[in-house]
Amino acid sequence: MTDQSSTLYAKLLGETAPIRWQELQPFFARGALLWVEGSQDLVAVAQAVAENDQARVAQWMIQGLLCKLEDSRAEDLLSRDPQLWAVVVAPWVLVQERAGDSTLH
């Protein structure tokens, strides 16, 4: 990891925060939410998006590890109201469901 890359990772890590679905609904309505599977490092995925790393992002999308949030998942999140983590990489908000006491990345 280069110094610039590690600086970006640290910046995104500092901007990652817990959030509830209710706060994310306006972003969902605008089509601006990207879902990151729980097995992935949310901050590393956000960094790849921020750096426009098309190869990595495309691979995650093909594997289903990163995708636009679908209506069925939105309905599930609305009914369960789980703890979510989010980070903004304009114009996107990347969101991930996290276990209550897991680490951030």
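Provided above is the structure to which this section pertains.
Please read these numbers as outputs of a predicted model, since none were measured by experiment. (Residues numbered from 1 in each chain as written. Predicted model: local features only at pLDDT ≥ 70, side-chain atom pairs only at ≥ 80, totals over all residues. Heavy atoms only, no water.)

Engineer: Where do I start with the environment of L8 in this structure?
Structural biologist: Mapped onto the fold, L8 is located in helix α1 (residues 3-15). Each C-alpha atom, one on L8 and one on C67, is 22 Å from the other, the two residues being 59 residues apart in sequence. With residues up to four places along the chain from it excluded, the contact list for L8 reads Q47, A50 and E51. (Helix = DSSP H or I, 4+ residues; strand = E, 2+ residues; numbered from the N terminus. Contact = heavy atoms within 4.5 Å.)

Engineer: What is the right way to look at unusual backbone geometry in this model?
Structural biologist: Excluding glycine, most residues fall at negative phi; most peptide bonds, likewise, are trans. The omega angle of the peptide bond from A90 to P91 is 5 degrees, so this bond is cis rather than trans. With respect to the secondary-structure elements, P91 resides in the loop between β4 (84-89) and β5 (92-97).

Engineer: Before we go on, may I ask you to explain the nonpolar core in this structure?
Structural biologist: General note: in soluble globular proteins, nonpolar side chains tend to be found buried as a group. In this structure, W60, L66 and L94 are the most contacted members of the largest nonpolar core, which totals 19 residues. Elements with a contribution of two residues or more to this core: α1, β2 (33-36), α3 (42-50), α4 (54-63) and β4. The dominant element in this core, judged by the number of residues it contributes, is α3, at seven residues. Sequence-distant contacts of W60, that is, excluding residues within four places in its chain, are made with Q40, A44, V45, A48, L65 and L66. (Core = buried A, V, L, I, M, F, W, Y, C linked by side-chain atoms within 4.5 Å. Buried < 20%, exposed > 50% of the residue type's maximum accessible area, 1.4 Å probe, protein only.)

Engineer: How should I be thinking about the pattern of salt bridges in this particular structure?
Structural biologist: A side chain of one charge can pair with a side chain of the opposite charge when the charged atoms of the two come close. Throughout the structure, instances matching the rule amount to five salt bridges. The salt bridge partner of E37 is R73, with a shortest N-O separation of 3.3 Å. Taken together, the positions of E37 in the loop between β2 and α3 and R73 in helix α5 (residues 71-80) put the pair 36 residues apart, joining distant regions of the chain. What makes E37 partly exposed here is its relative accessible area of 23%. R56 is the salt-bridge partner of D53, the closest N and O atoms lying 3.7 Å from each other. If you follow the salt bridges from partner to partner, you end up with D76, R80 and E97 in one network. (Salt bridge = Lys/Arg side-chain N within 4 Å of Asp/Glu carboxyl O.)

It is worth stressing that arrangement in space is one thing and function is another; only the former is reported here.
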